[in-house]
Amino acid sequence: RLWRGRDTLMLKILRKKGVAKKVLWGIAIVIIISFGFFGTANYTNNSSGPSFAGKIFEKRIPIEKFEQAYQRTRLQAFLRYGENFNKISSFLNLEAETWDRLILLREADQANIKVTDTEVVATIEKFPYFQRDGQFDSLLYNDVLRYVFKIDARGFEESIRESLKLDKLFTEKTGWVTLSSDEIYAVYKSKNEKIQISYIAFLTEKFKSNLPISEAEANAYYDAHKNEFTMPESINVDYLLIPLPKDAQESQRAEIAVQTDHIGQELKAAPDFAAVAKKHGLDVQTTGFFNREQPNPKLGWPFEVLIKSFELAVNQISEPVETTQGFYILKLKEKQAPRTMEFSEALSKITENLPLQAAQKTAQEEAYKGLTLLKEKLTANEGNFTAAGKALGWDIVQTQPFGRGEYLPQIGISKNFQDAAFNLTKENPVSDVVEIQKGYALLHLDSTIPIDEEQFNKDKTEFEKTLLTERKNAALNEYLTNLRLKANLQDNISQSKDQAASSQPNR
């Protein structure tokens, strides 16, 4: 009856104009992520776990304090990413972020940084989750905290206070970062100026020999280059897929997430993959051996599932991993350590590599010979690159005007090529030999397309803001890196989890 009353109250709230859309997806996300939310708490409360979470600045951090910081870190991530949180949560390292939070809060306290109640209230009132018709609503605020975020008002407000304290610390530590007008102009120019060049390519493929490789040559190459023929770590994985219907609504997604959570809890209690799968009408599927360099394309696995599979110990069962296809639960069946290929396994690679390496060497030699000849012909043709190249019987390719980082047909995105191109000047329009993905090239500067000064003046204010943010983030990252070293973190949580994973293979 109590729960029925709560549900009725929540439905009344959600029926209010403008509330349902903002809150429903939030409820769905919280339900979906709930099976991982208290993972750290459950672990650290285990009697066999560490007696304290770790140390920073040579001071012990109690498990309770770490847990509180962890929950606040996760809550802040949810508030920061909103409905995208569920998509990126598997890429977040919330335990590491929790340690950073504790380290930075200690620094903020050392700097005597304060946040007033007024500042906390003003921040909370701006959150759209707590607004009805564009105004803060205290009833909605309390109900969202209670039923969606599952936190009391005091805990939530202290979490906001801490985050504001960190914002002030960041501002203090990056206040020295400024930009001059010359810097802004120079960076804008480097990002927006374009050039057009012509080039001559000495392609490796052109010099590749079709002569067969003898077994003696192959053996000699194998013996001299065994380090090139390493088979990386390979794994074989059993997995369950709890599929999502196509175009699943948030309510369906939440329902399947809860079902998946139940399956995950059953596997924790009794890690019999086949029995649990049969009980729920699921098929245990097996990947066959694959490695990071050559994942099995037939699986169609998203990146986050592949990454998770390599983090498991043999016989370890993963937490559910959400994807657009559905929820995956993985069990590492077998693992093969990295090893050197046998000659027979490496033979196909050897017969491919040997001619290619010989061709690459020849292409490089021809490019350097070509540079000498080109300089002579340029003198005879009064610096006309195209005329000099054609006189030598070479094909000349001219690019479209391009900026830094742009894709070029036949070249792709080549840092070597673009660095060499943008270093060319009217006084020195011809490059040295430049290595490209398919061989080597000689470049000539045809024209420079300067930036549009009028457009720069229009973009300047916004561009300066973006650039200043980038510079401040870089300064903040450097500060945090040095602070981590100073803190000398001892992380008992991660160490104990690693030990537990290795000592409980059926987990």
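See above for the structure.
None of the values given here were measured: they were computed from a predicted structure.

1. Notes on the sheet that holds strand β14 (residues 434-436)
- Strand order in the open sheet made by the four strands is β13-β5-β15-β14, with antiparallel pairing throughout. With one partner strand each, in any of the chains shown, β13 (397-398) and β14 form the two edges of the open sheet.
- As paired strands, strand β5 (residues 194-203) and strand β15 (residues 439-449) are joined by 10 bridges and run antiparallel to one another. Residue pairing for β15: Lys194 is matched across the bridge by Ile449.

2. Section: the pattern of salt bridges
- One pass over the structure, following the stated rule, counts 21 salt bridges.
- Linking Arg404 and Glu193 is a salt bridge whose minimum nitrogen-to-oxygen distance equals 3.1 Å. Taken as a pair, Arg404 in the loop between β13 and α17 (415-422) and Glu193 in the loop between α10 (181-192) and β5 lie far apart in primary sequence, 211 residues in all.
- On the accessibility criterion, Glu193 (12% relative accessible area) is buried.
- Lys369 is the salt-bridge partner of Glu366, the closest N and O atoms lying 3.6 Å from each other.

3. Considerations on the sheet that holds strand β16 (residues 490-491)
- Pairing is antiparallel across the open sheet formed by three strands, whose spatial order is β2-β1-β16. Here the strands that pair on one side only, and so sit at the sheet edges, are β2 (59-61) and β16.
- Direction of pairing for strand β1 (residues 54-56) relative to β16: antiparallel, over a ladder of two bridges. Looking at β16, one finds that Lys55 is bridged to Gln490.

4. Let's talk about the packing of aromatic side chains
- Under the defined criterion, the tally for this structure stands at 31 aromatic pairs.
- Taking 6.0 Å as the distance between ring centres and 80 degrees as the angle between the ring planes, the aromatic pair formed by Tyr129 and Phe149 counts as edge-to-face. Remark: Phe149 occurs in helix α8 (residues 138-149) and Tyr129 occurs in the loop between α7 (117-125) and β3 (131-132); sequence separation between them is 20 residues. Phe149 carries the same exposure label as Tyr129, and that label is buried.
- The interplanar angle of 80 degrees and the centroid separation of 5.0 Å between the aromatic rings of Tyr239 and Trp301 together place this pair among those described as edge-to-face. You can see Tyr239 sitting in strand β7 (residues 234-243) and its partner Trp301 sitting in the loop between β9 (290-291) and α14 (303-310), a full 62 residues away along the chain.
- On the accessibility criterion, Trp301 (9% relative accessible area) is buried.
- Through pairs of rings, three or more aromatic residues link up here, namely Phe78, Phe85, Phe127, Tyr129, Phe130, Phe136, Tyr141, Phe149 and Phe156.
- A cation sits over an aromatic face here: Arg106 above Phe57, 3.8 Å from the ring centre.

5. A look at the packing of helix α11 (residues 215-224) against helix α15 (residues 343-380)
- Put simply, α11 and α15 touch, their axes get as near as 9 Å, and they point 95 degrees apart. In terms of orientation, α11 lies roughly perpendicular with respect to α15. Counting all contacts with α11, which are made through Glu217, Ala218, Asn219, Tyr221 and Tyr222, the residues of α15 involved are Phe343, Ala346, Leu347, Ile350, Asn353, Leu354 and Gln357.
- Broken down by class, the residue content of the contact of α11 with α15 amounts to eight nonpolar, three polar and one charged.

6. Focus on the environment of Leu282
- Looking at where Leu282 falls in the secondary structure, it is placed in the loop between α13 (273-279) and β8 (285-286).
- When sequence neighbours within four positions are dropped, the list of residues in contact with Leu282 reads Leu240, Leu241, Ile242, Ile263 and Ala277.

7. With respect to the pairing of β5
- Extensive coverage of β5 is indicated by the burial of seven of its 10 residues.
- The pairing of β5 with β13 spans two bridges and is antiparallel. By the bridge assignment for β13, Tyr199 is matched with Val397.

8. As for the pairing of strand β11 (residues 326-336)
- Judged from the 10 bridges that link them, β7 and β11 form a sheet pairing that is antiparallel. Its bridge partner lying in β11, Leu241 is registered against Tyr328.
- Examined bridge by bridge, strand β10 (residues 321-322) and β11 share two bridges and lie antiparallel to one another. Considered in β11, the bridge of Glu322 is made with Phe327.
- If you look at the hairpin formed by β10 and β11, you'll find three residues sitting between the two strands.

9. Points about the side chain of Glu193
- In this structure the side chain of Glu193 is engaged in a polar contact, spanning 3.1 Å, whose partner is the side chain of Arg404.
- Sequence-distant contacts of Glu193, that is, excluding residues within four places in its chain, are made with Phe402, Gly403, Arg404, Phe422, Ile449 and Ile451.

Calculation criteria
Residues numbered from 1 in each chain as written. Predicted model: local features only at pLDDT ≥ 70, side-chain atom pairs only at ≥ 80, totals over all residues. Heavy atoms only, no water. Pairing = 2+ DSSP bridges. Helix = DSSP H or I, 4+ residues; strand = E, 2+ residues; numbered from the N terminus. Salt bridge = Lys/Arg side-chain N within 4 Å of Asp/Glu carboxyl O. Buried < 20%, exposed > 50% of the residue type's maximum accessible area, 1.4 Å probe, protein only. Phe/Tyr/Trp six-rings, centres within 6.5 Å; stacked < 30°, edge-to-face > 60°. Lys NZ or Arg CZ within 6 Å of the ring centre and 35° of its normal. Axes fitted to C-alpha atoms, helices over the stretch in contact; angles between N-to-C directions. Parallel < 35°, antiparallel > 145°, perpendicular 65-115°, else oblique. Contact = heavy atoms within 4.5 Å. Nonpolar A, V, L, I, M, F, W, Y, C, P; charged D, E, K, R; others polar. Polar contact = N/O pair within 3.5 Å; in protein donor to acceptor, adjacent residues only side chain to side chain.

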